[in-house]
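# Fold and geometry: a report
So you can see what is in the structure, the chains are spelled out below.
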Amino acid sequence: MEVGVGAEAEPLLPRRSWRRGQGLWLSGSGARSAAEDVHVGCLTSQFPLERFLRRPQVLCSQGTGADNDLYINQAIVFIEDAIQYRSINHRVDSKSLWLYRWYYSRTCQWILSLTITVILVLAFIEKPSSFTITSDVRYRVPAWNPPCGLTESIELLCFLVFIADVSVKSYLIGWEEFWKNKWLMAYILTLVVSLTDWVVSLSFFCTENVRIRRILRPFFLLQNSSMMKKTLKSINSTLPEMASVVLLLAVHLSLFTMFAMLLFARTKDGQQDKEWMKYFRNLPDSLTSLLVLLTTANNPDVMIPAYSKNRAYSIFFILFTVLGNLFLMNLITAIIYNQFRGYLLKSVQSSLFRRRLGIRAAFEVLSSLKETVANAQQSYVSVEALLRVVQKVDMDHRCKQTITRSLKMCSSDKLSAAQFQKFFEELDKDAIKQHPPSPEYQSHLMQKVQFAFGHPYFGYLGNVVALANIISICVVLVMDADKQPSERDDFFLGAINCFFILYYLLEMLLKIVAMGLRRYLSYPSNIFDGLLTVILLILEIATFAVYGFPHPGWRPEIMGLLSLWDMVRLVNMFIVFRFLRIIPNMKFMSLVVTTLLDLVKNLRAFAGILVVVFYAFALTGIMLFKGAVVPLGNSSAVNTTDDNSTQQCGTYEQLEYWSNNFDDFAAAVVTLWDVMVVNNWQVFLEAFSRYSSPWAKIYFVAWWLISSVIWVNLFVALLLENFIHKWDRRCHREPVSDVEYQRTVELMFRDVLEEPTEEELMEKLHEHPHLQLCR
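Anyway, here's the lowdown on the structure attached to this text. (Residues numbered from 1 in each chain as written. Predicted model: local features only at pLDDT ≥ 70, side-chain atom pairs only at ≥ 80, totals over all residues. Heavy atoms only, no water.)

## Focus on the overall build of the protein chain
The line we're drawing: Here a strand is any run of E in DSSP of at least two residues, a helix any run of H or I of at least four, and the numbering for each starts at the N terminus. Note on exposure labels: buried denotes an accessible area under 20% of the residue type's maximum, exposed denotes more than 50%, and partly exposed covers the range between, all computed with a 1.4 Å probe on protein chains only. Note on areas: Shrake-Rupley, 1.4 Å probe, and residue coverage restricted to the protein chains presented here.
Helices and strands together make up the secondary structure of the protein chain, namely 32 helices and seven strands. Counting across all 775 residues of the protein chain, residues that qualify as buried make up 47%. When the accessible surface of the protein chain is summed, it comes to about 39600 Å², and 65% of that surface belongs to carbon and sulfur atoms.

Structure representation (C-alpha cells):
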C-alpha cells in the first residue's frame, strides 16, 4: 500500500535542530469554516525570531465545542497514518479527512490494486495472444485474438480509475505540493500519453504494431508503491559506483578482445583457424564470445579449438575468466552489498520516524479539545478523549484491545506527550498467540497416553517414519526405472503407501487425543501435517474404490480420469511434500526457511522492480522480434527433426529452442528468464542476431546487465543482510517472557534505531503544509 501521498520527497530524518515551538494552527487551502481556522494545541515556549517572522502571528486559544469533532477526526487519521507508516502531509479539513479515509479504505485500495493487476494482465490477452497450448513455432496453432475494442474498453475503464486516483492524490496534498511532486507529474504525463496512444490505436482499428502505452503500464504498479520508489531511488544512487566497475569491466573486455583477435588471427593452417572461424572472426563476434565467457556460459567450448592445438592457449582464457568473473563481477556484488547493507535499516528508521510523527501530531490535535485543561507549561490529553479516538481508529483488533485495556487501567486522567506515545508502542509488537492448554484427563490410563503421545520424542518418531517412507519410495522407483509400464507391478508401492498412510492417520489422531483439538490446530506444523494426511487418506480411499485393494500383479486398466499409476504417483508426490514437516525440528534449516519467508514478506518491492523490468523488456522484445523466428523451410515437425542432424552443434535449431521466442507475451517472459539465468544465453544472442539483425545483441546484453548483474546481485546483498541479522539475533536471543512477542522488522533493529527527538518531531510539524505551528 502507498505509505502516503508525497512520501517519497521526505528525508529519512529531518536535520537536527534545537528550535522548539508548540501549538497548532490549521491552514487548509481554499474555503474553510470558522472551526477549521482556530488554533489548536497551543503551548508556551521560546521560539526563534526568524521562525516567528515566517509564520502569521496568531493568537492561540483552546478549541470550542464545535471544533471537537474535527479534532477527533484529525487524530484518528494521524494515528492511522502512523499505523500504515504514511506521510501526514495532507489536507486536514473535514471534507478532506473524509475523502482521505475513503481513499485509503480497504475497498478503495483493493479496487486500485485490482485495476493495476487487470491492466498488466491484458498483455496476455491482447494481440498477439498467449492463448495457445505451446509457444513452439513448429506446432503452435493460430491463437485467438480478441476483437478490436474489447481490451481497449477494459483499458479505458482502468484509465478512468487512474485518473480518479491521481486527482484525489493531487487534491489531498494540495496544489502547491503537487507541483513539487515529480511522481505525480509523471503519473499525469503517463496517462496523457497512454490515452493519446489509445485513441490512435482505435483510429487504426487496432492494426498498428507499436503500442507505446503497453510499455508504460508498469509505471502504474511502480507509482503505487512507495517502497518500490525508494528502492528505485537507492538503485539509482548505486549506479555511479557501479559505473566505475562496469567501465573497468569494459576496458578488461576490450583489451582481451584485441589480444584474442591478434592471438587467433587467420593463418594458412586450416586446423588452427577453427578458433578464428568460430569465435574470433571479427570484432562483434570476438566481443560477444568473451562477454559470454565472462558469465562462463560458453566455457570450455570457446577454448577447445585452440586448446586442442596448443595447451598454452588455455592461459589466455583462464586469465580472462579469473580477472573478469572472479574479481570484477564479484566486485560489483560487493559494491551493491556495501550500498544496500544499510538500506533496510534506513528504511526502518524512516518508518519509525513516520510512526512517531503521526502519533505526536494526534497528541497535539487532541490537546486542543475543549475538555482539556490548558496548562502554561505542558500540554495534556485526557484519557477519555484518547479512548474515543482509539475506538474509531481502523487498526488490528488485538492492538486496539490492548491499548483500550491499558487506558482503562491508567491511574491518571491526563496523559503527557511521552505517556501518549508509550501507549502506541503496542503497534510495534506482534503478539504470538498463546497455545491453548492441553485437556486434563481424570483417567490414569489417559494421562499416560497423553504423556507418551504428547512428548516431543513421538514427533521425532514420526519424522523417522516419514524418512523411511521416502527411502522406500526411492527404492521402488529405482527398481522400476527401466521397466516398461506393462511390466511394472504397482503392488509393492501401493502396499507401502497404504501402510504409511494408516500410520500417519494414527499419529494425527493420537496427537489430537494428547493435545486436544484446539491446541493441535494452534501449531502451523500440525495443520500442515494434518491437512496432507487427510488429502492422502482421501486419495487412498479413492484409489481403492476405483481399482480395489493392492495384490500381486496389480495393473488394472485405466478407469476414470486417472490411471492407477497416476493415482499412485499423485499420492507419492504428497508424501514427499509432507516430509517438509521436519523443518521446524531442525534449527538451522528452520532459520533458513524463516529468512526466506521474511524476504517474501518484507522485500516485495524488489520483486516488484523485477516485474516492472520484465514487463517492459518483454513488450519491447515483442515489438522487435515478433515473428522473427521461422522454422527451417517452414517444414513439418518430422522433417525439422531430421534436419537437426545436419545443424551445427549448439545452435538454436539443433537444440530445438523453438519455444523460446517473442511471438507472444508469455513466451517473451520465459525467454527473458532463460537469458537471465545465462545458461546457454549465447544461443539466443547468435540466433536472434541471425534471424533479425546483428544489433539484436544490444537488447540481450542490456537485459543481462539489468537483470543478472544488477538485480540478482541486489537480491544476493539483501539476502545476506537479512540472514546475518537473523543469525545475530539467534546467537544473542533474549530470555522469553510469559507473554511472547514476535517482533516486527522495525523492532528487529531496536538496538541500533535512533528514536526521534522532541525537536525533530516539532520541527517536522512546523513544516506541515496544512497544519502549522503557530509560534
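Having seen it, we continue.
## Overview of the nonpolar core
Here is the rule we go by: We define the nonpolar core as a collection of buried residues of types Ala, Val, Leu, Ile, Met, Phe, Trp, Tyr and Cys that are connected through side-chain atoms lying within 4.5 Å of one another. Contacts are assigned to residue pairs that have any heavy atoms within 4.5 Å of one another.
Counting residues in hydrophobic clusters, the biggest one holds 101 residues, and the most contacted among them are Phe 162, Leu 290, Trp 681 and Phe 700. The residues contacting Phe 162, other than those within four sequence positions of it, are Leu 112, Thr 115, Ile 116, Ile 119, Tyr 187, Leu 191 and Phe 220. Core analysis: the second largest hydrophobic core is formed by 41 residues, Phe 78, Leu 357, Ala 362 and Val 381 among them.

## Observations concerning the side chain of Ser 225
For clarity, the cut-off: In protein, a polar contact means a hydrogen-donor-capable atom and an acceptor-capable atom, both N or O and within 3.5 Å, with residues adjacent in sequence counting only if both atoms are side-chain atoms; elsewhere, any N or O pair within 3.5 Å suffices.
Topologically, Ser 225 is positioned in the loop between helix H9 (218-223) and helix H10 (226-263). In terms of polar contacts, Ser 225 uses its side chain to reach the backbone amide nitrogen of Met 228, at 3.2 Å.

## Let's talk about the state of the cysteines
Heads up, the rule is: Only a pair of cysteine sulfur atoms within 2.5 Å counts as a disulfide in this structure description.
One pass over the full model with this rule turns up one disulfide. Paired through a disulfide, Cys 148 and Cys 206 show a sulfur-sulfur distance of 2.0 Å. Residues Cys 148 and Cys 206 are joined through a disulfide that is right-handed, its torsion about the S-S bond being 60 degrees. In this pair, Cys 148 is assigned in the loop between helix H4 (106-125) and helix H5 (150-173) and Cys 206 in the loop between helix H7 (182-203) and helix H8 (212-216), connecting sequence segments 58 residues apart. With relative accessibility at 42%, the residue Cys 148 sits in the partly exposed group.

## Considering the packing of aromatic side chains
We apply this condition: Stacked, tilted and edge-to-face pairs are distinguished by plane angle, under 30 degrees for stacked and over 60 for edge-to-face with tilted covering the rest, among Phe, Tyr and Trp rings (Trp via its six-membered ring) whose centres lie within 6.5 Å.
Across all of its chains, the model carries 46 aromatic pairs by this definition. Ring centres of Phe 662 and Phe 688 lie 5.4 Å apart, and the angle between their planes is 75 degrees; on these two criteria the pair is classed as edge-to-face. Placement of the pair is Phe 662 in the loop between helix H27 (637-643) and helix H28 (665-677) and Phe 688 in helix H29 (residues 681-691), with a sequence separation of 26 residues. A relative accessible area of 0% means that Phe 662 is categorised as buried. On the accessibility criterion, Phe 688 (0% relative accessible area) is buried. Arranged with centres 5.7 Å apart and planes meeting at 20 degrees, the rings of Trp 681 and Trp 704 form a pair that is stacked. Of this pair, Trp 681 sits in helix H29 while Trp 704 sits in helix H30 (residues 696-731); the two residues are 23 residues apart in sequence, bridging distant segments of the chain. What makes Trp 704 buried here is its relative accessible area of 3%.

## Points about the pattern of salt bridges
So the rule is basically this: A pairing counts as a salt bridge when a side-chain nitrogen of Lys or Arg comes within 4 Å of a carboxyl oxygen of Asp or Glu.
In total, this model carries 23 salt bridges according to the counting rule given. In this structure, the salt-bridge partner of Arg 138 is Glu 656, at a minimum N-O distance of 3.9 Å. Of this pair, Arg 138 sits in the loop between H4 and H5 while Glu 656 sits in the loop between H27 and H28; the two residues are 518 residues apart in sequence, bridging distant segments of the chain. For Arg 138, a relative accessible area of 14% gives the class buried. Note that Arg 140 is salt-bridged to Asp 663, the shortest N-O span being 2.7 Å. With Arg 140 in the loop between H4 and H5 and Asp 663 in the loop between H27 and H28, the pair connects residues that are 523 residues apart, well separated along the chain.

## Here's the deal with H28
Applicable threshold: In this analysis, the expected span of each helix is defined as 1.5 Å times one less than the number of residues it contains.
The terminal C-alpha atoms of H28 lie 19 Å apart, and with 13 residues this matches the ideal 18 Å at 1.5 Å per residue to within 8%. By the burial criterion, the buried members of H28 are Phe 665, Ala 667, Ala 668, Thr 671, Leu 672, Val 675 and Met 676. Two residues or fewer after H28 comes Val 678, characterised by a positive phi angle close to 65 degrees.

## Quick look at the packing of H10 against helix H12 (residues 283-294)
Packed helices, taken two at a time, are described by the angle their axes make and the gap between the axes. We apply this condition: Between N-to-C directions, angles cover 0 to 180 degrees, with each direction set by a line fitted to C-alpha atoms, over the stretch in contact for helices. Put simply, angles under 35 degrees are roughly parallel, angles over 145 are roughly antiparallel, angles from 65 to 115 are roughly perpendicular, and the rest are oblique. Each crossing gets its hand from how the near helix is turned against the far one by less than a right angle, where anticlockwise is left-handed and clockwise is right-handed. Under the scheme applied, nonpolar residues are Ala, Val, Leu, Ile, Met, Phe, Trp, Tyr, Cys and Pro; charged residues are Asp, Glu, Lys and Arg; polar residues are all the others, including Gly.
The contact between H10 and H12 brings their axes to 9 Å, and the two run at 125 degrees. When the axis of H10 is compared with that of H12, the two are oblique. Crossing of H10 against H12: the hand is right-handed. Contact residues: Leu 249, Leu 253, Phe 256, Thr 257, Ala 260 and Met 261 in H10; Leu 283, Ser 286, Leu 287, Leu 290, Leu 291 and Leu 294 in H12. Taken together, the residues of the contact of H10 with H12 sort by class into 10 nonpolar, two polar and no charged.

## Some points on unusual backbone geometry
Cis rather than trans, the peptide bond between Lys 127 and Pro 128 has omega equal to 0 degrees. Here Pro 128 lies in the loop between H4 and H5. Cis geometry marks the peptide bond from Asn 299 to Pro 300, where omega comes out at 5 degrees. A positive phi angle, close to 65 degrees, is found at Val 678, a residue other than glycine.

## A short note on the packing of H12 against H29
At a closest axis distance of 10 Å, the pairing of H12 and H29 adopts a crossing angle of 155 degrees. Judged on the interaxial angle alone, H29 and H12 are roughly antiparallel. Every pair of crossing elements has a handedness; the one defined by H12 and H29 is right-handed. Residues Thr 288, Leu 291 and Val 292 of H12 touch H29, and the partners they reach there are Trp 681, Gln 682 and Leu 685. The class makeup of the residues in the contact of H12 with H29 is four nonpolar, two polar and no charged.

By themselves these figures say nothing about function.
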